[in-house]
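# Summary of the model geometry
Given next are the chains, with one letter for each unit.
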Amino acid sequence: MFGLRAHSTSLPPDLASAGSTEDAQPALTPWRALDAWFARPRSARSVIIWLSLYLAVAANWPLWSELARIGGAPSVYLPLIVLMSLLLICGMVAVLSFTAWTRWMKLLWFGVAVLAAVVQHYMLTYRVVMDPSMMASALQTDSSEVQDLLSWRMLFNVLWVVALPAWALWRVRLVPATALSQVWRNLGLLLISAAVAGAGAFAMNRQLAPLMRNNVHLRYMLNPLASIYSTTTAVIKPMFVHGRKLIPMTGGTVLGASYANQARPPLFVLVVGETARADHFGLNGYARNTTPELAARHVLSYRDVRSCGTNTLASVPCMFSPLSKDAFEAREDEFENLMDVLQASGLAVLWLDNQAGGCKGVCDRVPHASAFDRVDPALKSTMCDVDECLDDVMLHGLDERIAALPAERRSKGIVLVMHQMGSHGPAYYKRSSTDMKRFMPECRTNALAECSHSELINGYDNSIAYTDRFLGKTIDWLRGKSRKFDPSLLYVSDHGESLGEYGLFLHGVPYGFAPDVQKRVPMVTWFGDGMIEREKLSRSCMESGLDKSLTHDNLYHTVLGLMDVQTPTYLPSLDALASCRGHEPAATS
């Protein structure tokens, strides 16, 4: 017994010290155990599988809630959620299998997590989906619009999604492998994920086919799979666009007979509105009188006009195109537009932009300017915020801008296009001046979920009221030119806006299933006495047609008809005023 004790105390010093250290080591806490688990060596393929699983759970709440809404009963929507989860995870693994390499991929994987988090924030906050047109519009967002979209809520929503994958990607050690080994293993992973997805879709095709056919928007809610697809499409598509031929549309363009021995040249202002809804114009029967200035000037308001798209990038090029909406969207080449034809006719043309995003290529070949360039500092301090100005800034220095156009062209006639900031959201409160805050209290943040519905509507309606005053001032400016010009104005918005209907906010929902409020836009005309006499316009005829259905397809032909520009691409059947010209004017406006 004593000998045993003596033997135990005579252990080698290194073993004795090792045993004491092990006994002294504290038990692993859950946090340290989790950290140690993340720090284990792993293959790149296992990392992308885990990332796909995590993002399917953490970054797809809009999709799961939408499936629950569509399904109604748990017995219906739970199988759908399981199927969509399978398809989403397999799709993510298949896409990321192209990035399953042991070098330089961690930053890319982190970027995918950030993209998923940002997209989920906007889907939850504004009920939008990231289809290619929405992503293309987002990629063209300028700095001031980005500032309008940032908020503490966004930071929180992004951080809680990306914190775990950021930590895991930082801690994980990738097992080295040869390039050849990685190639065939990645290919195998791609084929397996595709096979599993195909088998799942085939097994539940009876449920899946009608679901996707009747709810097309679901395919753009698979996050971040749809976002990766839309981003890739938005980036790659313009590369092919730049390689397209520019098809001339100006051949045979001449000024009509009204220009022969004219007493005064025409002065036409085309105002391209932004994000204005037809049903929020008092002129169109809205309960609130948001358009008193236009009503006082006896304008004509068309009440059934639909846009070409649901965002500026889609609508503005389309509305100025000689092609119809369907032909424009299916085109393989680029075509000259309305601005090119007006310029070719010999008229003086100017595009004035109050959006940093510009004219979306429409004004590239004609004189154009930014409204906030060369703005007087004193005016800038009262009308502008950093690089964003209220629309009234376009009326300042306007005479000087027109005087700078070629005199020979000005003597024939002038076409001025003014592109508004209008009612661009979500910061509607920034789109109206202090003296135009008629409807209070208004939403004073870009995080619309923090505002009541009435505050949101108040902010939006104040922006419409400001547009009303801006158009009123523009008409007054035109009236002041009546001794030297025959003036007229046409206003039409590029698209509408969702203000909470069906749980949607902002705009940009794919056109096929976008709500009507994103597609119905206001269109207003005003004609001075000189233009009425020049074109022999019948007011009673025009008033009788205010309820006829029109679209952006009519704009190209209506402007050419009004300006008496003769060109082979002009179609009288699409000219909204064709039937009302050539009459003796019964009354002045």
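Criteria and cut-off values
Residues numbered from 1 in each chain as written. Predicted model: local features only at pLDDT ≥ 70, side-chain atom pairs only at ≥ 80, totals over all residues. Heavy atoms only, no water. Helix = DSSP H or I, 4+ residues; strand = E, 2+ residues; numbered from the N terminus. Buried < 20%, exposed > 50% of the residue type's maximum accessible area, 1.4 Å probe, protein only. Contact = heavy atoms within 4.5 Å. Areas by Shrake-Rupley, 256 points an atom, 1.4 Å probe, with all protein chains shown as cover. Pairing = 2+ DSSP bridges. Patch = residues over 30% accessible without salt bridge, like charges linked within 9 Å, V, L, I, M, F, W, Y side chains within 5 Å. Salt bridge = Lys/Arg side-chain N within 4 Å of Asp/Glu carboxyl O. Core = buried A, V, L, I, M, F, W, Y, C linked by side-chain atoms within 4.5 Å. Phe/Tyr/Trp six-rings, centres within 6.5 Å; stacked < 30°, edge-to-face > 60°. pLDDT = per-residue confidence, 0-100. Expected span 1.5 Å × (residues − 1). Disulfide = S-S within 2.5 Å.

Attention now moves to the overall build of the protein. A tally of regular secondary structure across the protein gives 24 helices and 18 strands. For the protein, with 589 residues in total, the buried portion stands at 53%. Once local pairs closer than 6 in sequence are excluded, the contacts in the protein between residues at least 24 apart make up 79%. Approximately 26800 Å² of the protein is accessible, and the part contributed by carbon and sulfur atoms is 62%.

A few words on the pairing of strand β12 (residues 414-419). Most of β12 is tucked away: six of the six residues are buried. Judged by which residues are buried, β12 turns out to be covered on both faces: I414, L416 and M418 on one side and V415, V417 and H419 on the other are all buried. Note: strand β8 (residues 348-353) against β12, six bridges, orientation parallel. Across the sheet, W351 pairs through a bridge with V417, a residue of β12.

On to a nonpolar patch on the surface. Judged by side-chain polarity, W61, L124, F156 and W160 come together as a nonpolar surface patch covering roughly 450 Å² of accessible area. With respect to the element layout, W61 can be found in helix α5 (residues 61-71).

Attention now moves to the nonpolar core. M84, W109 and M418 are the most contacted members of the largest nonpolar core, which totals 110 residues. Not counting residues within four places of it along the chain, the set of residues in contact with M418 comprises V269, L270, V271, V272, L352, M394, L395, F470 and T474. Core analysis: the next-biggest nonpolar cluster, separate from the first, contains 45 residues, V362, C541, L562 and V565 among them.

A complete count under the given rule lists three aromatic pairs for this structure. Ring centres 5.3 Å apart and planes at 55° place the aromatic pair F320 and W351 in the tilted group. Here the residue F320 occupies a position in the loop between α15 (312-319) and α16 (325-330), and W351 occupies one in strand β8, the gap between them amounting to 31 residues. Like W351, F320 is buried.

Here we come to the environment of R374. Relative to the helices and strands, R374 is located in the loop between β9 (368-370) and α18 (377-383). R374 sits 23 residues away from G397 along the chain, and the two C-alpha atoms are 9.5 Å apart.

When pLDDT is averaged across the protein, the result is 87; 89% of the residues are at 70 or more. Segment residues 585-589 is flagged for pLDDT under 50; beyond a separation of four residues in sequence, or across chains, it makes twelve contacts in the model.

Note that S227 resides in helix α13 (residues 225-241). Residue contacts for S227: discarding those within four places in its chain leaves L115, V119, M130, M135 and L222.

In a regular helix each residue adds 1.5 Å, so 27 residues correspond to 39 Å; helix α21 (residues 453-479) covers 39 Å between its end C-alpha atoms and thus fits that length. Burial runs high along α21: 21 of the 27 residues are buried.

To continue, consider the environment of S52. Inspection of the secondary structure assignment puts S52 in helix α4 (residues 44-58). The sequence separation of S52 and V112 amounts to 60 residues, and the corresponding C-alpha distance is 10.0 Å. With residues near it in sequence (within four places) discarded, S52 still touches I89, M92, V93 and L96.

In this chain, G425 is followed by P426 through a cis amide linkage whose omega measures 5°. Relative to the helices and strands, P426 resides in the loop between β12 and α21. A cis geometry characterises the amide bond from M440 onward to P441, with omega recorded as -5°. Its location among the elements puts P441 in the loop between β12 and α21. Backbone geometry at H298 places phi at a positive 55°, although glycine is not the residue there. With respect to the helices and strands, the residue H298 is situated in the loop between α14 (292-296) and β6 (300-306). Backbone geometry places K360, a non-glycine residue, at a positive phi of 60°. Here K360 shows up in the loop between β8 and β9.

Below, the discussion takes up the sheet that holds strand β13 (residues 486-493). The pairing of strands in a sheet happens through backbone hydrogen bonds and is either parallel or antiparallel. Spatially, eight strands are ordered β9-β8-β12-β5-β13-β16-β6-β17 in an open sheet, and the strand pairing comes out mixed. Taken across any chain shown, the strands that pair with only one partner, and hence form the sheet edges, are β9 and β17 (550-551).

On inspection of all chains with the given rule, the structure shows five disulfides. One disulfide bridge connects C384 with C389, the sulfur atoms lying 2.0 Å from each other. Since a negative S-S torsion denotes a left-handed disulfide, the C384-C389 link at about 100° is right-handed. Looking at C389, the relative accessible area reads 4%, which means it is buried. Across the disulfide from C443 sits C451; the S-S distance is 2.0 Å. Between C443 and C451 the disulfide shows an S-S torsion of about 65°. By sign, it is right-handed. On the accessibility criterion, C451 (15% relative accessible area) is buried. Sequence-ordered numbering of the disulfide-bonded cysteines in the protein gives the connectivity 1-2, 3-4, 5-6, 7-8, 9-10.

Here the focus is the environment of L246. Of note, L246 is situated in strand β3 (residues 246-247). For L246 and D333, which are 87 residues apart along the polypeptide, the C-alpha to C-alpha distance reads 6.4 Å. When sequence neighbours within four positions are dropped, the list of residues in contact with L246 reads E334, F335, E336 and R365.

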